Amino acid sequence: TVTTIGKEEKESEQPKQKQNETIYARERIKKVYSTDLCHIVFTSGSTGIPKGVLVEHQSLVTYGYAKSKTQSMHVKNTKLLLASSFTFDPYIGDVVTTLCCSSGNAILCMAPRENILMQLDKCLVTLGITHVCCTPAHWSTLGENVNSNNYKMLKFVSLGGEKMSISLIKQWTIEQRKDFSLINTYGVTEATVYQSINVMHRNSSPSDLGTPLPGIT
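Residues numbered from 1 in each chain as written. Predicted model: local features only at pLDDT ≥ 70, side-chain atom pairs only at ≥ 80, totals over all residues. Heavy atoms only, no water.

Chemist: I tried to follow the layout of surface pockets on my own but got confused; where do I start?
Modeler: To find leftover empty space, one rolls a probe the size of a water molecule over the atoms. Considered as a void within the structure, the largest pocket measures approximately 680 Å³ in volume. As for the largest pocket, its lining consists of 32 residues, and the residues nearest its centre are Phe-88, Gly-161, Gly-187, Val-188 and Thr-189. Top contributing element to the lining of the largest pocket by residue count: strand 7 (residues 181-186), with three residues. (1 Å grid on protein atoms, 1.4 Å probe; cavity = no way out; pocket = protein on both sides within 12 Å on 5 of 7 lines; lining within 4 Å. Points joined across faces, edges and corners; volume = space filled by probe spheres on them. Helix = DSSP H or I, 4+ residues; strand = E, 2+ residues; numbered from the N terminus.)

In structure tokens, the structure reads:
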């Protein structure tokens, strides 16, 4: 009898215990505000004074939606190759833009870092990549005898972090497909990834920074 009563008491206590655990869990969850700190990125120290940059949620989300809009990442079957190193802020920008700001239609594609650096061509073809963001030097590893016609699935290639060469611009724009865009990006880490874009054409100057992203003033 005692055992039975004890069992009944325990069973009657279970719903209350679960309720208390739920309340405790809710109390532990901190409400996140747009001005809260999202992440910290340390600059490369190109100015001679390396520093950590504090980035708020609202800044990263604004960037993500702006990139998604200007590069049509809301289109189904968009596949972005995470080509940047995790220490480079475009890495964070690409993750958030793809997974959180593209209406659930974009796929984040990853590969071993070694493959991305040494076998970029294979990564693009095997994964069916439509969007890439990397440096001109990295993109140049594809060679001098290829262009957008060699990668029919490619839609947007964003290059930044260093100045494009005139030869690279001409290589990827002379026989450019109508559904392909080579984009020159520019920005500072303090303002979240990059802030301006310029869709390049055959006679575009690598010094032309183009226009600000939507929502960037």
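Chemist: Sorry, what's going on with the pairing of strand 3 (residues 78-81) here?
Modeler: Regular strands have side chains that alternate between both faces of the sheet. Summarising the sheet, strand 3 and strand 4 (residues 106-109) pair through four bridges and their orientation is parallel. From the neighbouring strand, Leu-80 faces strand 4, where its bridge partner is Leu-108. As for the winding sense of the linkage, the β-α-β connection from strand 3 through helix 3 (residues 89-100) to strand 4 is right-handed. Direction of pairing for strand 3 relative to strand 5 (residues 131-134): parallel, over a ladder of two bridges. Its bridge partner being in strand 5, Leu-80 is matched across the sheet by His-131. (Pairing = 2+ DSSP bridges. Right-handed = clockwise from strand over helix to strand, strands pointing away.)

Chemist: I tried to follow the pattern of salt bridges on my own but got confused; where do I start?
Modeler: Two side chains carrying opposite charge are able to pair once their charged atoms lie near each other. In this structure the tally under the stated criterion is four salt bridges. Here Lys-51 and Glu-190 are joined by a salt bridge, their closest N and O atoms 3.1 Å apart. Of this pair, Lys-51 sits in the loop between strand 1 (37-42) and strand 2 (52-56) while Glu-190 is found in the loop between strand 7 and strand 8 (196-199), placing the two residues 139 residues apart along the sequence. On the basis of relative accessible area, Lys-51 is assigned to the partly exposed category, the value being 33%. Relative accessible area serves as the criterion here: at 42%, Glu-190 is assigned to the partly exposed category. In this structure, Asp-179 and Lys-155 form a salt bridge, with 2.8 Å as the shortest nitrogen-oxygen distance. On the criterion of sequence distance, the pair formed by Asp-179 in the loop between helix 7 (166-173) and strand 7 and Lys-155 in the loop between helix 6 (136-139) and strand 6 (156-159) is long-range, its members being 24 residues apart. Residue classification places Asp-179 among the partly exposed residues on the basis of a relative accessible area of 38%. Exposure remark for Lys-155: the relative accessible area of 28% places this residue in the partly exposed category. Taken together, the salt bridges that share partners define one network made up of Lys-155, Arg-177 and Asp-179. (Salt bridge = Lys/Arg side-chain N within 4 Å of Asp/Glu carboxyl O. Buried < 20%, exposed > 50% of the residue type's maximum accessible area, 1.4 Å probe, protein only.)

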